[in-house]
Amino acid sequence: MNDQSRSDAEGRRETVEFALPEPAATLDLTMDDGAPIRVVRHGNPSGPRVVLSHGNGFASDSYFPFWRLMLERFDLALFDIRNCGRNPFHAAEPHGYPRFARDNAAVHGAIAKEWGGKTTIGVFHSMSSIAALLAVAGGEWHWDALVLFDPPVVPPEGNPLRGPMMTTGEVLRDTARIRQNRFRNPEELAEVFRFMPRFRRLRKGVAELNARSVLHFDPASGEWLLRCPGPVEADLYVDVAGLPIWRKPPPPARPLLIIGADPEPEDATMTAHCCKLFSKTFGIDYAVVPDTSHLLQLEEPEQCFALFSGFLADNGIGA
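Residues numbered from 1 in each chain as written. Predicted model: local features only at pLDDT ≥ 70, side-chain atom pairs only at ≥ 80, totals over all residues. Heavy atoms only, no water.

A. Structural detail: the overall build of the protein. If you tally the helices and strands in the protein, you get eleven helices and eleven strands. Computed over C-alpha atoms, the radius of gyration of the protein comes to 19 Å, within 12% of the 20 Å expected from 2.2 N^0.38 for 319 residues, which places it in the range of a compact globule. Across its three principal directions, the C-alpha atoms of the protein cover 55 × 45 × 40 Å. Here the protein, with 319 residues, has 53% of them falling under the buried criterion. The long-range fraction of contacts in the protein, counting pairs at least 24 apart against all pairs at least 6 apart in sequence, stands at 76%. For the protein, the accessible area works out to roughly 13800 Å², and carbon and sulfur atoms hold 51% of it. If you average the places of the 33 positive and of the 41 negative side-chain charges in the protein, the two averages end up 3 Å apart. (Helix = DSSP H or I, 4+ residues; strand = E, 2+ residues; numbered from the N terminus. Rg over C-alpha atoms; globule rule 2.2 N^0.38 Å. Buried < 20%, exposed > 50% of the residue type's maximum accessible area, 1.4 Å probe, protein only. Contact = heavy atoms within 4.5 Å. Areas by Shrake-Rupley, 256 points an atom, 1.4 Å probe, with all protein chains shown as cover. Lys, Arg positive; Asp, Glu negative; His and termini not counted. Charge placed at Lys NZ, Arg CZ, Asp CG, Glu CD.)

Dropping the structure here:
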């Protein structure tokens, strides 16, 4: 290894420890098919409520660099998609977007019943943002405002972006199907994340944080296992293409913002281009975080929060 390679490797191994706060409260829910979902509460109970969830292969705790910026002002409720993060694995079926959309509605109602009704903003990324858009396309609104980060909206047949978007999804699906499921410790998985090209813009410490957030310890084997095995999540990368999202949705009943990855760099993700076109096509408020990829909340959390906060201020929410 030459000096430059050694320096690069050492830089990638440098870590930052993110210490998650203890939840102020937890709410253990059971969906109508028996799937358990845990909601954890953080932040300012007097503030407007933010309900936040995650993208495929992540957990809500993975987004701590972003949501820690909300703790002073917002009553924060985090939940993981079924079979992910803090939730015990339930079943491989149904593990799909229509089910996620129904779960989201159930979680929203249970939070309001347990912790009181108030102004509530949904903040979702990728997989969970598609679940939210699926509800919107069906004419359902569970939130006073929605802020969606880089939803992987796949254009309809005939659009030139559809082919490249599907190719990207197929690569991610095939990779997920053969993903390693067992690890000696979270650091072994963090090392994988640190050397993945699509994770290269992540803030230091996020690889370790995400590894801790998506693994659980198995006493029987003494190993750390992915909470959601790769084959279970794999088809989500292509299933999104069959959803009835890219049709004219009803006019937004409440404020809706899409915050996309940067479509300008040569290596821009396809989601960045699709979010830009989707927002323009349907007249949805849209913002971009410069020099970011699909994982923008974990690359530039301060800029993401500033756009989120400014949007709420513009709509008289959370002042």
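B. Seen up close, the layout of surface pockets. A volume near 580 Å³ is recorded for the largest pocket. Taken together, 29 residues form the lining of the largest pocket, with Thr168, Leu172, Arg198, Thr269 and His294 sitting closest to its centre. When residues of the lining of the largest pocket are traced back to their parent elements, those giving at least two are helix 5 (162-177), helix 9 (236-239) and helix 10 (270-282). A total of five residues in the lining of the largest pocket trace back to one element, the largest contributor, which is helix 5. By residue class, the composition of the lining of the largest pocket is 15 nonpolar, ten polar and four charged. Size it by volume and the second largest pocket reaches roughly 340 Å³. Lining the second largest pocket are 22 residues; nearest its centre among them are Arg179, Leu189, Phe193, Leu226 and Glu233. Of the residues contributing to the lining of the second largest pocket, the split by class is 13 nonpolar, five polar and four charged. (1 Å grid on protein atoms, 1.4 Å probe; cavity = no way out; pocket = protein on both sides within 12 Å on 5 of 7 lines; lining within 4 Å. Points joined across faces, edges and corners; volume = space filled by probe spheres on them. Nonpolar A, V, L, I, M, F, W, Y, C, P; charged D, E, K, R; others polar.)

C. Structural view of the pairing of strand 11 (residues 285-288). Across four bridges, the pairing between strand 10 (residues 256-260) and strand 11 is parallel. Looking across to strand 11, one finds that Ile258 is bridged to Tyr286. You can see the chain leave strand 10, run along helix 10 and come back into strand 11, and the turn it takes is right-handed. (Pairing = 2+ DSSP bridges. Right-handed = clockwise from strand over helix to strand, strands pointing away.)

D. Seen up close, unusual backbone geometry. For the peptide bond that leads from Glu93 to Pro94, omega is -5°, which places it in the cis range. Mapped onto the fold, Pro94 is located in the loop between strand 4 (75-79) and helix 3 (97-115). Look at Asn83: it is not a glycine, yet its phi comes out positive at around 70°. With respect to the secondary-structure elements, Asn83 resides in the loop between strand 4 and helix 3.

E. Main features of the packing of helix 6 (residues 186-194) against helix 7 (residues 206-214). Their axes nearest at 8 Å, the elements helix 6 and helix 7 cross at an angle of 130°. Overall, the two elements helix 6 and helix 7 adopt an arrangement that is oblique. Like other packed secondary-structure pairs, helix 6 and helix 7 cross with a definite hand, here right-handed. From helix 6, Pro186, Glu187, Leu189, Ala190, Phe193 and Arg194 reach across to helix 7, where they touch Ala207, Glu208, Asn210, Ala211, Arg212 and Val214. Each residue belonging to the contact of helix 6 with helix 7 can be placed in one class, and the counts come to seven nonpolar, one polar and four charged. (Axes fitted to C-alpha atoms, helices over the stretch in contact; angles between N-to-C directions. Parallel < 35°, antiparallel > 145°, perpendicular 65-115°, else oblique. Left-handed = near helix turned anticlockwise from the far one by under 90°.)

F. Up close: the sheet that holds strand 8 (residues 215-218). Strand order in the open sheet formed by three strands is 7-9-8, and the pairing between neighbours is antiparallel. The sheet is open, and its two edges are formed by strand 7 (182-183) and strand 8, each paired on a single side. As paired strands, strand 7 and strand 9 (residues 223-226) are joined by two bridges and run antiparallel to one another. Across the sheet, the residue bridging to Phe183 is Trp224, located in strand 9. Contacts from helix 7 reach strand 8 and strand 9, with the element oriented near 50° to strand 8.

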